Amino acid sequence: MKCRRCENKASVHMRQHKLALCKEHYLEWIPEQTERFIKKYEMFTRHERILVAVSGGKDSLSLWDILVRLGYQVDGLYLGLGIDGGIGYSDESRRLTEKFANANNLKLHIVDIEKEYGQPIPVLSQISHRGYGKPCAVCGLAKRHEMNRIARDLGYDVLATGHNLDDEAAVLFGNTLSWSGDYLLRQGPVLAGAQGLARKVKPLCRFYEREMTAYAIARDIEYIYEECPFADGSQSIFYKESLNLLETARPGVKLTFYLNFLEAKKSGNLFVDRNAGQALLHSCPKCGQPTSAPDLCSFCRMIGKASTARTPDLQL
Ligand code: SF4
Ligand code: ZN
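Residues numbered from 1 in each chain as written. Chains lettered and ligands numbered in written order. Predicted model: local features only at pLDDT ≥ 70, side-chain atom pairs only at ≥ 80, totals over all residues. Heavy atoms only, no water.

K.L.:
I'd love a proper account of the coordination of the zinc ion (ligand 2), names of residues and values included.
P.N.:
Around the zinc ion (ligand 2), the protein supplies Cys3 (SG), Cys6 (SG), Cys22 (SG) and His25 (ND1) as donor atoms, at distances of 2.0 to 2.3 Å. The coordination sphere of the zinc ion (ligand 2) comprises four donor atoms, whose angles at the metal cover 98 to 114 degrees; the geometry is tetrahedral. In primary-sequence terms, the residues that donate to the zinc ion (ligand 2) follow C-x2-C-x15-C-x2-H. Of this pair, Cys3 sits in the segment before strand S1 (12-14) while Cys22 sits in the loop between strand S2 (19-21) and helix H1 (23-40), and the two are 19 residues apart along the sequence. Just as Cys3 is buried, Cys22 falls in that class too. (Donors = N, O, S within 2.8 Å, 3.2 Å for Na, K, Ca; no water. Tetrahedral: all angles 85-135°; square planar, octahedral: opposite > 155°, others 65-115°. Helix = DSSP H or I, 4+ residues; strand = E, 2+ residues; numbered from the N terminus. Buried < 20%, exposed > 50% of the residue type's maximum accessible area, 1.4 Å probe, protein only.)

Written as structure tokens, this is what we have:
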């Protein structure tokens, strides 16, 4: 198959977008789309200072790379969580993050949780007895707290994270399964800032995970392949796998799920009972059943039409 934009052979095929591009044009398309999403959701402008949370993974490093290529003022923040998991997870992710920053001459802030607070995340988790054996609750809490602290103390206008569509769709799926109304109402590409709280944005929220992998590989970004060892068996991975099954059968379903949710939220239709207060029912003059139609109910109208129409020749 050929690239949509030139005569070369396409190297990235996106069934869900019915789009195929060569490497060169794919590397143009991703930043173009990111810029479009930044503008559409009013994430930030070129006059604002952005702090991107980088973990050493493909999404956050790619996000940093894209924002720099687009000419935004963006620095990085790496949080050292002190997670080893037998693979030196934190050490390796820090090494790759520093390598990327140095190679591109970018400013990187590093905060080591153990140095700041005396213990690494897994120990803090054990001591505080939160999270039923997994450190994720404490880790999430610490990440949110530290990202906001650094953004506020160093005067950044906005905090950007590398969440992709697979991440967002999985969170949405989980929140929908449990009908967590508060979480659903807060989920979106932008979380407005408030006093003392930095604005949070997710510029990659409409890209599939595999699109970000393709970008990182095409840009030769060296990233950590391993997931955090504590992610194994997590609910979010289960939701991602479930959505992947749906996506295989119906390409594009993940994107539609997320975008239609954003639309419903924007139009104020999420959790609005449209029938409330407008149950203007009356009795159908023919059958007496309640109906909202102005005269005969839909059923009686249908029967009325059928009885006046010429009987078709049925072939049974
Ligand atoms: Fe933190 Fe690892 Fe849990 Fe993610 S999976 S929240 S990085 S402990
Ligand atoms: Zn091309």
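Alright, that's what it looks like, and here's the rest.
K.L.:
How would you sum up the sheet that holds strand S7 (residues 190-191)? Please name residues and give values.
P.N.:
Remark on secondary structure: sheet strands pair via backbone hydrogen bonds, oriented parallel or antiparallel. Taken in spatial order, the six strands make up an open sheet running S5-S4-S3-S6-S8-S7, and their pairing is mixed. Among the strands making up the open sheet, the edge pair consists of strand S5 (108-112) and S7. Examined bridge by bridge, strand S6 (residues 158-160) and strand S8 (residues 199-201) share three bridges and lie parallel to one another. Across the sheet, Ala160 pairs through a bridge with Val201, a residue of S8. (Pairing = 2+ DSSP bridges.)

K.L.:
So, the pairing of S5: which residues are in play, and what are the values?
P.N.:
Each regular strand carries side chains that alternate between the two faces of the sheet. Side chains of S5 alternate between two faces, with His109 and Val111 buried and Leu108, Ile110 and Asp112 left unburied. The sheet contact formed by strand S4 (residues 73-80) and S5 spans five bridges and is parallel. By the bridge assignment, Tyr78 is partnered in S5 with Ile110. Crossover handedness for the path S4 to helix H3 (residues 89-103) to S5: right-handed. (Right-handed = clockwise from strand over helix to strand, strands pointing away.)

K.L.:
So what about the pairing of S4? Which residues, and what values?
P.N.:
Burial of S4 is extensive: seven of the eight residues sit out of reach of the surface. As paired strands, strand S3 (residues 49-53) and S4 are joined by five bridges and run parallel to one another. Paired with Ile50 across the strands is Val74, a residue of S4. Crossover connection from S3 via helix H2 (residues 58-69) to parallel S4: handedness right-handed.

K.L.:
Just give me the short version of the pattern of salt bridges, but keep the residues and values in it.
P.N.:
Summed over the entire model, instances satisfying the criterion amount to 20 salt bridges. Between Glu7 and Lys2 there is a salt bridge, with the nearest N and O atoms lying 3.1 Å from each other. The salt bridge partner of Arg94 is Glu98, with a shortest N-O separation of 3.6 Å. Linking Arg94 with Glu98, this pair stays in helix H3, spanning four residues, or about one helical turn. On the basis of relative accessible area, Arg94 is assigned to the partly exposed category, the value being 27%. The class for Glu98 is partly exposed, based on a relative accessible area of 29%. (Salt bridge = Lys/Arg side-chain N within 4 Å of Asp/Glu carboxyl O.)

K.L.:
I'd like to hear about the side chain of Ser60, residue by residue, with values.
P.N.:
Positionally, Ser60 belongs in helix H2. Note on Ser60: relative accessible area 6%, which makes it buried.

K.L.:
Can you explain helix H11 (residues 253-266)? Please cite residues and give values.
P.N.:
The terminal C-alpha atoms of H11, which comprises 14 residues, lie 20 Å apart, in line with the 20 Å expected from a rise of 1.5 Å per residue. Of the residues making up H11, those classed as buried are Lys254, Leu255, Tyr258, Phe261 and Leu262. Down the axis, H11 shows its buried residues gathered within 140 degrees of arc, on one side only. As for H11, its buried residues are in contact with helix H7 (165-177), helix H8 (181-186) and helix H10 (235-249). (Expected span 1.5 Å × (residues − 1). Arc of directions from axis to C-beta. Contact = heavy atoms within 4.5 Å.)

K.L.:
Give a description of the environment of Lys9 that names residues and reports values.
P.N.:
Tracing the chain through its elements places Lys9 in the segment before S1. With relative accessibility at 68%, the residue Lys9 sits in the exposed group. Between the C-alpha atoms of Lys9 and Lys240, which are 231 residues apart in sequence, the distance is 31 Å. Once you skip the residues sitting within four places of it in the chain, Lys9 turns out to touch Met1, Cys3 and Cys22.

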